[in-house]
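Structural overview for review
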Amino acid sequence: MSSTEGVPQGVIPAHLLRGQKALVTGANSGIGKATAIGMGRAGADVVVNYVAGREEAEKVVEEIASFGVRAAAYEADVSDEGQVVAMMDRMVEEFGTIDILVANAGLQRDAAFTEMTLAQWQKVIDVNLTGQFLCAREATKEFLRRGVVPDVSASAGKIICMSSVHQIIPWAGHVNYASSKGGVQMMMETLAQELAPQKIRVNAIAPGAIRTPINRSAWDTEQAERDLLKLIPYGRVGEPQDIAHAAVGLASDLMDYVVGATLYVDGGMTLFPGFATGG
């Protein structure tokens, strides 16, 4: 069976984000790649951020450019303040501004709690949480400088934090990852509260099990996928385009009154499927 069999492909209207400038971090593979391509398909000019894998990033740029929009690949480690500031400065110089930030870059360094090193803990927090803070801070500075441009968007800017169902579902053996995503939730909600009066919309997407390289072991064999599907009431593993569709929608003016929300894109994983038969 094809990995995308039964997955609605959807049609992203080419005008939905026309004239807007989007930055997607960690966009040379997986969810970030699909989201960057979705933004371009919707008419946005897109900066594809990556920290390693320039060739893959350039391929994403080529695909986005095929939609008749601008695209570029920027190398930057989102956990490094200087690199984030330089990336945002470059984007404003080359693209004129930024309208949409998708703070997607993330990683895992898994270990049992008593065996987890400080380096493993710190690396995940630095990239998954501090990286989103730095990118959101720098994007917000530009949103506030420019303000609302009604012909472009009803908002001064949109920030989409990529979280996880593990912002609310504990995950043994992954305490650094789950902690980072719990932090993303509270950071997003606090930013949304603080920035909404300036017409900046901050929201989050919390993916469930998505078929990406970061979690390949959970779905790349028939038995592993069967076991995984026990946690997903909807009966299929998610695909990167499921997240891309959600991100494009949240970034558009169709969602202008959505502020401080987490959109769970998880096939029902957060519905406690173990209780479907009475617990």
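Here's what I pulled together on the structure shown here. Predicted model only: the values in this text are computed from it and were never measured. (Residues numbered from 1 in each chain as written. Predicted model: local features only at pLDDT ≥ 70, side-chain atom pairs only at ≥ 80, totals over all residues. Heavy atoms only, no water.)

Strand order in this open sheet of seven strands is β3-β2-β1-β4-β5-β6-β7, and the pairing throughout is parallel. Both outer strands of the open sheet, β3 (71–75) and β7 (262–265), are each paired with one neighbouring strand and no more. Neighbouring strand axes in the sheet, compared pairwise and without regard to direction, differ in orientation by 20° on average. Bridging between strand β1 (residues 21–24) and strand β2 (residues 45–50) involves four bridges; their strand directions are parallel. Looking at the pairing, L23 lines up with V47 of β2. With respect to the sheet, helix α7 (residues 240–251) is in contact with β4 (100–103), β5 (157–162), β6 (200–207) and β7, its orientation differing from that of β6 by roughly 165°. (Pairing = 2+ DSSP bridges. Helix = DSSP H or I, 4+ residues; strand = E, 2+ residues; numbered from the N terminus. Axes fitted to C-alpha atoms, helices over the stretch in contact; angles between N-to-C directions. Contact = heavy atoms within 4.5 Å.)

Let us now look at the side chain of T140. Locating T140 in the fold gives a position in helix α4 (residues 118–146). The buried category is assigned to T140, whose relative accessible area is 9%. Ignoring anything within four residues of it in the chain, the contact list for T140 reads I159, L195 and I200. (Buried < 20%, exposed > 50% of the residue type's maximum accessible area, 1.4 Å probe, protein only.)

What follows is about the packing of aromatic side chains. Aromatic ring pairs are described here by two measures, namely the spacing of the ring centres and the angle between the planes. Here the structure, examined in full by the defined rule, presents one aromatic pair. Ring geometry for W171 versus Y177: centroids 5.7 Å apart, planes at 75°, classification edge-to-face. Owing to a relative accessible area of 29%, W171 belongs among the partly exposed residues under this scheme. (Phe/Tyr/Trp six-rings, centres within 6.5 Å; stacked < 30°, edge-to-face > 60°.)

Summed over all chains, the structure comprises 15 salt bridges. Of the charged contacts, one joins R137 and E81 as a salt bridge, the two residues approaching to 2.8 Å between their closest N and O atoms. With R137 in helix α4 and E81 in helix α3 (residues 81–95), this pair connects stretches of sequence that are 56 residues apart. The salt bridge involving E94 is made with R90; its shortest N-O contact spans 3.2 Å. Placement of both E94 and R90 in helix α3 is noted, with a separation of four residues, approximately one turn of the helix. (Salt bridge = Lys/Arg side-chain N within 4 Å of Asp/Glu carboxyl O.)

Attention shifts here to the environment of D256. Summarising the element assignment, D256 is placed in the loop between α7 and β7. The exposure class of D256 is partly exposed, given its relative accessible area of 25%. As for D256 and P233, which are separated by 23 residues in sequence, their C-alpha atoms are 30 Å apart. Each residue touching D256, except ones within four places of it in the same chain, is listed here: A154, S155 and R201.

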